[in-house]
Each structure stands twice: as C-alpha cells, then as structure tokens.
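Per-entry structural report
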Amino acid sequence: MKKLFGGIDLTWKKLIIFAIVAGVYTAIMAMLPIAKDTSFSDLCVTFEVWILFGIFIIMNSKSPKDSALKCFVFFLISQPLVYLIQDVVNGSMLFKTYYRYWFMWTVGCLPMGFIGYYMKKDKWWGLLILTPILMLLGEEFGGYLSKTMFSFPRHLLTTIFCLVTLVIYPLVIFKNKKIKIIGEIISGIIIAVISVLCFINPPIYSTDILISGDNYQFDDTYKVYLNDNKYGDLSIKYEDSIEAWMVHAEFKKSGKTEFVLESLNGEKKVFDINIRRDTYSVEEKNNIVKK
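Residues numbered from 1 in each chain as written. Predicted model: local features only at pLDDT ≥ 70, side-chain atom pairs only at ≥ 80, totals over all residues. Heavy atoms only, no water.

Observations regarding the overall build of the protein
The cut-off we apply is this: Helix and strand assignments follow DSSP, with helices taken as H or I runs no shorter than four residues and strands as E runs no shorter than two, numbered in order from the N terminus. Radius of gyration here uses only the C-alpha atoms, and the compact-globule reference equals 2.2 Å multiplied by the residue count raised to the power 0.38. The contact rule is simple, with two residues in contact once any of their heavy atoms fall within 4.5 Å.
If you tally the helices and strands in the protein, you get seven helices and eight strands. Computed over its C-alpha atoms, the radius of gyration of the protein comes to 24 Å, more than 25% above the 19 Å expected for a compact globule of 291 residues. Dimensions of the protein, computed from C-alpha atoms along their principal axes, come out at roughly 80 × 45 × 30 Å. Contacts spanning at least 24 positions in sequence make up 64% of the contacts within the protein whose residues lie at least 6 apart.

Given below as structure tokens:
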C-alpha cells in the first residue's frame with residue numbers, strides 16, 4: 001500500500017496511459033445498461049474514485065510543479081474522453097452540455113495538485129490540506145449510504161469504498177504517528193456524524209405519481225394505499241398550481257409492489273409500481289400511465 005502511494009515512478013507516459021484507461025473505462029460504465037444505478041457507474045457522476053486518482057498522482061510526483069501539471073494533464077485527458085466517447089457511440093451532446101463544469105475542476109487541479117504535494121512533507125499542516133478532502137469524501141459517503149439504505153444492495157460497494165478510503169488516507173499519506181492518529185480521529189468523527197445523520201433522517205423519495213384528469217378521475221373522497229406499506233405512504237392532495245387532485249407518495253425504499261385507488265362506493269383500480277431512488281413507473285393492466 002505504501003508503494004502505491006509514493007513508491008511508483010509515475011512517468012508522463014504512464015500518466016497519459018492511466019488517463020486514457022480511466023476515461024475509456026468511465027465512458028463504458030456510463031453506457032453499459034447493466035451498470036446503470038450501481039456502484040460501477042458511480043464514478044461517472046461523483047468524486048470518490050477521482051479523489052483516489054488525484055492522491056495517487058500527488059503522492060507519486062517529484063515536486064509541487066510536477067504534481068500540479070500531472071494532475072491537470074490527467075484530468076484534461078480523462079474527463080473529455082468520458083463525454084466524447086459517449087457522444088461518438090450514442091450520438092449525444094454530453095461534451096457540449098456537461099464538460100464545462102468538469103473543466104472548471106480540471107483547472108482547479110493546478111493549485112490543488114501544487115498544494116496537495118505538501119502533504120508529503122509529513123507536517124501537521126499536511127493534515128490541514130487533507131481535511132477538506134476527507135470532508136468531501138465524507139459527503140460522498142453520506143450520499144451513497146443513503147442510497148444504499150433506500151435501495152439495498154445498490155451502491156453498497158461505493159459506500160464501502162468511501163468508508164475504507166476515509167480510513168486509509170491518513171495512514172498511507174503520513175509517517176508521523178501523531179499526525180496519523182489525529183487524521184484517523186478526524187475521519188472517525190466524519191464517519192460517525194454522517195452515519196448518525198443518515199439513520200436519524202432516513203432517505204425519502206417524495207413525488208406525485210398520479211394526476212386526476214382524462215385517464216383517471218378522483219378527489220379527496222377516494223382512498224389510496226400501497227399493498228405493502230414498507231415501501232412508504234400514499235395520500236391524495238390538491239395541487240393549486242395545476243388545479244388538480246394528485247396521488248402523492250412518500251417512498252421509503254425501492255422495489256416492486258401494487259397500490260390501490262378506491263372510490264367511496266368501493267370501486268378499485270389496482271396499479272403496479274416499480275420504485276427506484278429517484279424515479280418510478282406506474283402501470284395498470286399492461287397500460288403504462290406514467291413514468
């Protein structure tokens with residue numbers, strides 16, 4: 001582990017190959033249907049794996065300037081590739097739409113790579129440099145822990161990855177025992193606080209799943225309920241902005257179940273519903289009414 005973080009001769013040739021491989025792999029995971037909404041595609045949208053790549057480059061660089069330039073070039077190659085490959089394969093416009101955001105982060109790699117190099121000096125202020133990185137990683141850990149709680153076991157590997165790297169970074173970056181211990185305490189506090197917050201405030205997906213209109217007519221005299229209430233709660237509410245009654249959902253976990261819309265005289269309409277973390281589909285007898 002120590003060799004990985006400081007014992008590799010990271011030549012420019014190796015760095016460029018590394019950047020190309022990272023970009024191509026990420027693009028493949030973004031396009032692969034089986035990887036959608038799993039840990040394997042998480043690096044397409046969040047920072048945790050790219051933080052690891054950045055720290056790896058910093059720790060194997062020879063000077064602050066070398067660190068800054070290698071971080072910059074790595075992201076300057078890998079990030080555009082992610083979008084350009086998808087654009088070529090799918091005929092999309094992702095590069096034009098999204099790369100501007102990532103380019104700002106790429107430019108930021110110049111000062112971040114330069115400053116990050118000083119973590120290698122094994123001084124207390126190196127821990128001050130690492131702490132914001134740990135906090136960003138803690139934010140990613142909380143987001144994926146919440147997603148795993150809602151749709152277990154999806155994103156479990158990413159949650160574990162964030163947890164493990166929070167613990168590992170202070171150990172492999174610093175040699176000074178006191179700095180290591182303080183770093184582990186900081187990581188431990190981040191993990192504990194985020195975990196408690198996630199369990200105190202479990203994830204809820206709040207959305208409207210049915211609108212009274214041409215296909216279905218209902219109002220607050222109707223009852224609506226899930227056949228299995230472990231998935232959450234349903235209610236009927238009036239939305240002033242569109243002047244219509246709606247079936248409102250507070251989902252607690254993902255999965256497939258049924259819900260029933262029942263009139264005052266006992267007439268029932270039964271729907272299949274497939275719940276995901278931030279989307280759903282509703283179907284009545286093979287007729288899809290909303291996605």
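Notes on the side chain of Thr 106
What counts, and what does not: For each residue, the accessible area found with a 1.4 Å probe, counting protein chains only, is set against the maximum for its type, and the residue is called buried under 20%, exposed over 50%, and partly exposed in between.
If you trace the backbone, Thr 106 turns up in helix 4 (residues 94-116). Here Thr 106 falls in the buried class, since its relative accessible area comes to 1%. Among residues more than four places away in sequence, those in contact with Thr 106 are Phe 72, Phe 75, Leu 76, Gln 79 and Tyr 99.

Focus: the packing of helix 3 (residues 64-90) against helix 4
Rules: Only C-alpha atoms enter the line fits that serve as axes; for helices the fit covers just the stretch in contact. Angles between N-to-C directions range over 0 to 180 degrees. Geometric relationships in this document are graded by angle, where less than 35 degrees denotes roughly parallel, more than 145 denotes roughly antiparallel, 65 to 115 denotes roughly perpendicular, and other angles denote oblique. Residue type decides the class: Asp, Glu, Lys and Arg count as charged, Ala, Val, Leu, Ile, Met, Phe, Trp, Tyr, Cys and Pro as nonpolar, and the leftover types, Gly among them, as polar.
Where helix 3 meets helix 4, the closest approach of the two axes is 7 Å, and the angle between their N-to-C directions is 170°. In terms of their interaxial angle, helix 3 and helix 4 are classed as roughly antiparallel. Residues that form the contact of helix 3 with helix 4 fall into these classes: 20 nonpolar, five polar and two charged.

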